[in-house]
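Chains, contacts and geometry: an overview
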Amino acid sequence: MKGQRKLLLLLPAFLLLLTGCGQKTLPDLSQMGKLQVISREDGSGTKAEFENLVDTDASGTKEIAASTEDMIQQVEAAKDAIGYVAYSALQESAQIKVLAIDGSFPTLQTIEENKFPLTRDYYVAYPDTLSAVTSDFLYYVRTKGQEIVGKYCVPVQKTETFLSDKSAGMILIHGSSSMAPMMQELADDYEKQNPNAKIEIEVSDSTQGINDVLQNRCDLAMSSRSLKAYEKELLQTQVFGRDAIAVIVNTENPLEELSKKDIQKIYNHKYENWQDLNNR
């Protein structure tokens, strides 16, 4: 785990251990105001998977965050805010904290053991025919690259020795902002293994990346959401690792934990104020 995520998650995880099964009774939320519910922009893979996993229509959304960084900044700025980010993209912050969901915090262990409720796969999507250099890169990711994947999320395979075939060419990778930091480090390391290759990464969102690969505007699409039925018929996939979606609030919020059902009701506009959770 990266040091910055360890620092961010250490205190709440310790508090959860002290309480055994987690927080049984919600703290007094009477000093909190109206719920400022923040969602990601349309096209975001994190948005799509969050809404799928929580089973919400997100009709309670009050604000839209255009990126992971924007989401974190909005939650930092408002004590009444609630939002969500990719676990792999968490950064140390004095103004936000991660909530446990149904008694479980997102950690590498809970993700690997499938004990955290909001887990998802990171993968790339591509057409049936690949260039030699793109195939070599994907082989690198399945072997030596898993060591780098493990810095960001849970790798799906053990790290193995990699020997590049030295194929030459350009690889264009578009899509998910959540995957971009991991992909950039993978690309940089692969170029050291194969100096004949050049990789360019364009960050947008999962849906844009998938649309781009379908229209031959890139070689690989980074996606953190599940493929739709018609996309599955047209594209192949390779899973890099498993990640989670972390629910975040401002540190002025006394909450340490919510149930997935509570989160669903918050995002479905069943609650208007934070204190409504005390009256459920």
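Everything below is about the structure shown above.
As the structure is a prediction and not an experimental result, all values here were calculated from the model. (Residues numbered from 1 in each chain as written. Predicted model: local features only at pLDDT ≥ 70, side-chain atom pairs only at ≥ 80, totals over all residues. Heavy atoms only, no water.)

**Some thoughts on empty space enclosed by the protein**
Just so we agree on the cut-off: Of the two site types, the cavity is a set of points on a 1 Å grid over the protein atoms alone where a 1.4 Å probe fits but cannot get out, and the pocket is an open set with protein on both sides within 12 Å along at least five of seven lines, each lined by residues with an atom within 4 Å of a point. Grid points are joined across faces, edges and corners, and a volume is the space filled by probe spheres set on the points. Each residue is assigned to one of three groups, with Ala, Val, Leu, Ile, Met, Phe, Trp, Tyr, Cys and Pro labelled nonpolar, Asp, Glu, Lys and Arg labelled charged, and all others, Gly among them, labelled polar.
One pass over the structure, following the stated rule, counts 1 cavity of 30 Å³ or more. Put simply, the largest cavity is a space of about 40 Å³. Along its surface, the largest cavity is lined by Arg40, Ser44, Gly45, Thr46, Ser176, Ser177, Ser178, Ser204, Asp205, Ser206 and Ser224. Residue composition of the lining of the largest cavity, by class: no nonpolar, 9 polar and 2 charged.

**Some points on unusual backbone geometry**
Here is the rule we go by: Runs of H or I in DSSP of at least four residues are treated as helices and runs of E of at least two as strands, each being numbered from the N terminus.
Backbone geometry places alanine 58, a non-glycine residue, at a positive phi of 60°. Relative to the elements of secondary structure, alanine 58 occurs in the loop between α2 (45-54) and β2 (63-65). Its identity is not glycine, yet aspartate 102 carries a phi of approximately 50°, on the positive side. Among the structural elements, aspartate 102 can be located in the loop between β5 (100-101) and α4 (108-112).

**Quick word on helix α7 (residues 180-193)**
Threshold: Helices are assigned an expected span. That span is 1.5 Å times one less than the residue count. Three exposure classes are used, based on accessible area relative to the maximum for each residue type with a 1.4 Å probe and protein chains only: buried under 20%, partly exposed in between, and exposed over 50%.
Helix length check: α7, at 14 residues, gives a terminal C-alpha distance of 20 Å against a target of 20 Å (1.5 Å per residue), a fit within 8%. The complete set of buried residues in α7 reads Ala180, Met182, Met183, Leu186, Ala187, Asp189 and Tyr190.

**Observations concerning the packing of aromatic side chains**
One pair of aromatic rings is described through two measures. These are the centre distance and the angle between the planes. To be explicit about the condition: Here a Phe, Tyr or Trp ring, Trp counted by its six-membered ring, pairs with any other such ring whose centre lies within 6.5 Å, and the pair is stacked when the planes are under 30 degrees apart, edge-to-face when over 60, and tilted otherwise.
Enumeration over the complete set of coordinates arrives at 9 aromatic pairs. Ring centres of tyrosine 84 and tyrosine 267 lie 5.9 Å apart, and the angle between their planes is 55°; this geometry places the pair in the tilted category. Note that tyrosine 84 is positioned in strand β3 (residues 81-86) and tyrosine 267 in helix α10 (residues 260-267), a separation of 183 residues in sequence. The interplanar angle of 70° and the centroid separation of 5.4 Å between the aromatic rings of tyrosine 140 and phenylalanine 162 together place this pair among those described as edge-to-face. A residue pair is termed long-range when its members are at least 10 positions apart, and tyrosine 140 in helix α5 (residues 132-142) and phenylalanine 162 in the loop between β7 (154-155) and β8 (169-175) qualify at 22 residues. An aromatic cluster is present here, built from Phe137, Tyr139, Tyr140, Phe162 and Tyr190 joined pairwise through their rings.

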